[in-house]
Amino acid sequence: MYHLKKEKMKRINISILSVLAAGIIFSSCNKDFKEKNTNPNTLPETRPELLLESTIFAVRTANQTRELRLTHEMMQVHVTTSNSDEIHRYLIRPSESDYMWNVWYTQLTNIKDVYTSAKNLVVLPNQAYNASYMGMSRILEAWVTSLITDTYGNVPYTEANRGRTDNLYQPKFDNQKSIYDSLFVRLEEANTLLAQNLALPATLVARDPLFGGDLVKWRKFGNSLYLRLLLRASGRAESGAAAKIQNMVVTNPANYPLMASNAESAILRFTTTAPFLSAFSTYRDFDFNGDNGLSEFFINTLNNWGDPRLTKWASTVASAYVGIPSGYAPGAQQDRQSSYLAALKNEPLTGNILSYAEVQFMLAEATVKGYITPATAAKTYYENGVTNAITNWGLALPAGHLTKPGIVWNDAETLAQKMEKIITQKYFTFFFTDFQSWFEHRRTGYPTLPIGAGVLNDKIMPTRFVYPVSVQSLNKVNYDAAVAGMGGPDDMKTKVWWDNN
Amino acid sequence: MTLLSITAKKLLAAKNWLLACLFLLFTVSVTAQEKTVSGVVKNPEDGSPITNATIQVKGTRGGALTNEKGTYTIKVADNQTLVFSAIGFITQEIRVGNKTTIDIELVNNNKELEGVVVTALGIKRDEKALGYSLSKVKGEDITEAMSNNWTNALTGKVAGLNLVKSGGGPAGSNKIILRGENNLNGNSEALIVVDGVIISSSSGQQTGTGSTSYLQSDSPVDFGTSLNDINPEDIESVSVLKGPGASALYGARGANGAIIITTKSGSSRQKGLGITYNLNASIDRVNRWMDYQNEYGQGTSGQDTWYSYNASEDGPSTRSTSSAWGPRFAGQSYYQYDPVTRDKSTTRLPWVGYENNRKDFFETGKTLTNSVTIDGGNNNTSIRLSLTNVNNTWIIPNTGYKRNTVALSVTHKLSSKLQLAAKVNYTNKNSDNLPSTGYNNQSIMYFIRGLTPNVNLDWIKPLWNPGQENISQNQPFSSLLDNPYVIAYTMLNGSNRNGLIGNVSATYNFTKDFSIAIKTALDYSSEARTQQRPFDTNKYPEGMFRSQNIFTQEINTDFLIRYSRDIGKKFNVGISGGGSQMRNKYIRDELRADQLNLPGYYNLANSKNPLVALPYRGNYAVNSFYGLAQVSYDKFLFFDATARQDWASTLATPAFGTNPGSLDNTGFFYSSLNLSAVLSEKIKLPTAISFLKVRGSLAGVGSGGIIPYQTAFTYSPTLFPGGLTNPAAIANPNLRSLLTQSAELGLDIRFLKNRLGLDVAVYRNNTKKQILSIPIDRASGFSAAVGNAGLVRNKGIEIQLNGTVLKSAKGFNWDIFATFAANSNEVVSLIEGVDVYVMSVGPANRGSIQAVPGGRMGDLYGIGYNRAPDGQIIYNAQGLPTRTTEIKYIGNTNPDWKGSFGSEFKFKNFRLNALMDGQFGGVAYSLTHAVLMEEGKLKKTLPGRYNGIVGDGVQYDAVNDKYIPNTVLATNIQAYYDAHFNRDNIEANTFSTDFIKLREVRLDYTFSKKLVSKLKLQKATLGVYGRDLFVISNWPAYDPEFGTLENGTINAGFEIAQFPSTRSMGLSLTVGF
């Protein structure tokens, strides 16, 4: 019995040992779990040039889709022939607000990461050029942030895009004035950074889709954007915009170079080679122009001017350009007449961000409003704008174009008349340029758009978009505070800070 | 004996199962007065002796083997029990008593004993010992009325099982959900286990083509999964473990229940080989059509007074629209399409409708299955080999697949103690073309909905314009619709998949009661897919060619030590402990040439641009230890406890740079308790009650999820070379396991000598701390943060009824069975500060399935009618119905209950089976309905044409601030129906998905023994069957039972251009040699 027991004990010991050994083998196997859960499809670090291209492309193509869906519909470039689509009647469902909010804030994360990653690298030997990326980042940040605040009003800014770095999931909203003040500082910083002209290495030049690494052009883009924002805020004396414009254009022009030709325009020029494809490249013709026709206002204005851009933009019906009315009553839709040319789907110029012609029109306005001198320069700026808006499309200025009725500049006209002329011209340079024509209409009331019988929202052009519904559920406390802070309900009649029209 | 009871006490007190298991080694054989017993062991089928059968004295290590005559002798005491076992036969126990000769016939193993079921980890258990509900489906029940996907055969046979079907073509993938959805992230699918190989997260998972179903550049294709590829002829049985209580031993992935498939093994035969040949031929035809109108032809609003193919003296061209608001077919003539000149006819032709133009496009699907099975063996070895060939063509021209399967199962007894087994299942499935699904050019159903009644399908039949082969497609009508024959014959989606599911196991029996089993299981598949599109198609004007190579592999190695023994006369204690190691790998490489240089050539060399490469790799692993203890008392009370510790790699934080990473959250523990009491054994019940069992189960199952890489922040690549972007979700280094808890009570009661049986289960499951991408305000810079949140509760009842209505001496037999399952769930909580969680969205964000605290899973929200306080639709001044601008609750997409009723008649050699099933209480949105209403294609759009219509509802009288009946005549009839049924109006296009289907009917004839032996056969059966023969439903599109393929998953709730459903009819012949 004793012997038997001893033998059994031995076997038990072996068994215990083998189970323990198995346990050790198993638990030590957990050690490779860290490597196992390391994502082989992504990278934990980045560099500025790796983010830049994709983010500019993402914002610009997302804006393209909104131009076709919202801006051009509200602003009577085209009008839908589908009775159920009611944007031309200013019926913009709350769900429309999500897309821009989502894209713009998401891309701002990338844009800000361009700055932070460049800032980390700029201290390394031979990498001072990263300061140029910091400048680019600031310009893009100002561009996208201004789109957000101009669309919605008060929006998260100081606490925005800090989800990862600070676990800040419910950012507070800032008022629009403070956002504009901060953007001015951002653009000053960009101007300073880019003034150093720290050239990018040749290998990185190709990764700049806007200016091919030309830092002077970037700087001019930044300052031109600065001018756009100053002018937008200029209706508010507390913005100090008039003085800043004067400093920029009259006092210190050498320190604030602006775009000086069409070649310096900021345009993401789409190609037909992936991935630099226009957002419309995969649209069927029908999705692009099948259920919409160009509007009477748009076609008639260009017809009256004999504007050659029609040949690039619109199809003809029986050899004529014909528009259809916008804002028609429900059930009164008309068949489309002239529509977008399908070639526009792949048109490089639909990647416009900010053009030289717009700069000229801004200077014309700044002149007629007395922010800059001499007053006589207004005509030059205006005519430069008109001319370059057409030549930018590869077209020649028709003979006598600048003296045609409705175009010709007359210094004797009233400010309102001059403004209408400038902004109406500018409206056409905003063909496929995010929401700029709508922003400018809200600010100036121009161009004067006919209001159809079916128009809703008390026949008021939407003064802003409502906040996305998701924000109400995901960031309720700050949302409520923001709505209260704007002095009106969260609707499309409450005006944003700069809107004193 | 004292030692034994000490051991028992120790065992009962032991907390560490593994140690307890080891203590049992102390047990010593009991000696008593011995005598010699002898006898013969025989096979009852033919009376042949069974050689090498093992005879063991129960509870000891003593034993003997039979010789070639089947005889044995053994020394044993009166109070002991002999255990007879042989490979391929069911083990039997006989108490010795005063006998000195014990002859025995062992029952062949392939006829499973009643009541034995396969449970988690493949452990066979007596059904009455289970504390949870388990449904068993026999192999024959699956092959009875064969469908392209054998899982369809589970419908109506298992209470609480819900199939969400892709309806995506011949591959016909299904998502299997048991006891309702519980995961907010949409991953509520049951675990699928084939012979111990878990396939649901490897080759059994859906892998999409990266596209959603509504107007995208690409369309989803149902390429099927390896679950579809399992040869139904090889299935021995399917056990459905519905709740976590049953599947807790599967660990993390068993939280949603499990489907355990056991394939057939060989049997030991004494007389050579058994060969079975099986032929199955079936046809599929569309079983239900929509209610199309055939009274009015092509035209839009205002085009109802003339038709003209291109402009003519009758008026401008009206040929391009997909709408049918045009003139009535009233015997008049117009200039129409001339198929010879392919232009406007020179004379006016009769204006007629082609009523069958849609139906004529569809063909009769045909499936031919040939399978040969060879099985045989001797007492030490058994082998089964089956070869199956399937040839399918589907209802859409030029679609279908071929499949070849080889299944081999080998069991070999190396000695009386060591047994080796291997199962290998190899499948090759090849398809030249599987149909694109969804609402998009490239999908057939997009064209079918666009077809107008005045178009003769023959006109569309030429693929190309003359002399423009592969360059310019023939589109006599709308250029917005790709020619369906171009889609079917040139827009191909090919797939070639090789799959291997197999395992090798070794079992060593130290004694009859103490064994160790080691098993390695492999699930491997590699699939090559190609997609091609010719030039001049709407989405790819310059053609397209893409290739996708997908490799999946999961290896699971485990061991299980089992010990059981009787303690005293009444207790039996069993204890098992084991561990496993799982490694899962997924690789997908996609190359895209989205513009081609030369028309008609489909390969990567023809790419106009540099190829776009989209690689993805995924890896994860789980290590586990688990234990199971079973105590039974007097064959009456059964108690089980399971415990499991897992470590999941998906919860590990990787090391980057100076960050050391962490393994802190990888481990998690959970357990389950099950109790079963067979009251009829102990309590005197009325004689009508022949059996009564009550059962209960409490279980928790943790999970680390199957999505890796959620614990570290990284940048994702973009389409730009080397380009990077921030990810959508913020990673969470502190991610923890989720927990599913379940409580279940059940009752199994049988009456009248088991002629009537009723099984009832009630359950409550909570799934909490779910691993979610929690939506956050995008102003934070991200769309979501990964974290643990949410609680979803499912409650339900499942009833299963079996009965024998008639059993006559003359051989007439009538059995019935019925199931009922109702499940209700509640989203108890989401995430702090979030009151809506969007789970999925409809076409272009029209409508959404939202989880809202207090609501249910599957709640459908969307825009609907503006309604007056009394519920009437409010019309505007033009007499058109108005819609809300804000979304509202529309209904719930999950049915409240499902039921089935089956019946089987047997008379002599005939057998007739029928099964009906239905679901009630759910709704879904139908895009097909919406679009056909917008376009005036359904009979419902006939009222009001020409004369206008006054909609049923009210107008708002602003002066008196009240609602007055609508009296405005809407004259623009297209605008009227559009205002009602435009696809934006979710409410108007949402319908009940209630249905009753005649699911299966089968008539079998088994040839008589006499005839069979004359033909020198062993058996022969001939059967005819039908599947999905009739459907009763108000669903406006084709099939109320559907899912929609979206980017690699199947979503419910939104029907998006579904294919017609089919009725199958077939013939099967089984011959055994």
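Residues numbered from 1 in each chain as written. Chains lettered and ligands numbered in written order. Predicted model: local features only at pLDDT ≥ 70, side-chain atom pairs only at ≥ 80, totals over all residues. Heavy atoms only, no water.

Points about the environment of B:Val841
And step 1. Mapped onto the secondary structure, B:Val841 falls in strand S39 (residues 837-841).
And step 2. Placed 20 residues apart in sequence, B:Val841 and B:Tyr861 show a C-alpha to C-alpha distance of 9.4 Å. (Helix = DSSP H or I, 4+ residues; strand = E, 2+ residues; numbered from the N terminus.)

Let's talk about the sheet that holds strand S5 (residues 81-85) of chain B
All names here are of chain B.
And step 1. Sheet architecture is open: four strands sit in the order S3-S2-S5-S6, paired in antiparallel fashion. Whereas interior strands pair on both sides, the edge strands pair on one side only; in this sheet they are strand S3 (63-65) and strand S6 (92-95). Within this sheet the neighbouring strands show an average axis-to-axis angle of 20°, counted without direction.
And step 2. Sheet topology note: the strand S2 (residues 54-57)/S3 ladder contains three bridges and is antiparallel. Paired with Thr54 across the bridge in S3 is Leu65. (Pairing = 2+ DSSP bridges. Axes fitted to C-alpha atoms, helices over the stretch in contact; angles between N-to-C directions.)

Quick look at the sheet that holds strand S48 (residues 954-957) of chain B
All names here are of chain B.
And step 1. With mixed pairing, three strands are arranged side by side in an open sheet as S42-S48-S49. Each of the sheet's edge strands pairs with one partner strand only, and the pair in question is strand S42 (874-875) and strand S49 (962-965).
And step 2. In this sheet, S48 lies alongside S42 in parallel orientation, the contact comprising two bridges. Looking at the pairing, Tyr875 lines up with Gln955 of S48.

What to know about the pairing of strand S57 (residues 1062-1072) of chain B
Residues in a regular strand point their side chains to alternate faces of the sheet.
All names here are of chain B.
And step 1. Sheet topology note: the strand S17 (residues 274-286)/S57 ladder contains 11 bridges and is antiparallel. Paired with Asp284 across the strands is Ser1064, a residue of S57.
And step 2. Sheet analysis places strand S53 (residues 1019-1033) next to S57, joined by nine bridges and oriented antiparallel. Bridge pairing links Thr1021 to Thr1070 in S57.

Some details on the confidence of the model for chain B
Residue and element names in this part refer to chain B.
And step 1. Put simply, chain B has an average pLDDT of 88, and 95% of its residues get 70 or more.
And step 2. Low pLDDT, under 50, characterises residues 1-32; the predicted model gives this stretch 42 contacts beyond four residues in sequence or across chains.
And step 3. The ipTM value of the predicted complex is 0.91, and its pTM value is 0.86. (pLDDT = per-residue confidence, 0-100. Contact = heavy atoms within 4.5 Å.)

Some details on the packing of helix H4 (residues 96-121) of chain A against helix H5 (residues 130-152) of chain A
All names here are of chain A.
And step 1. Look at H4 against H5: their axes get within 9 Å of each other, and the N-to-C directions meet at 160°. When the interaxial angle is binned, H4 and H5 end up roughly antiparallel. The element H4 and its partner H5 pack so that their crossing is left-handed.
And step 2. When its residues are assigned to classes, the contact of H4 with H5 shows 17 nonpolar, five polar and four charged. (Parallel < 35°, antiparallel > 145°, perpendicular 65-115°, else oblique. Left-handed = near helix turned anticlockwise from the far one by under 90°. Nonpolar A, V, L, I, M, F, W, Y, C, P; charged D, E, K, R; others polar.)

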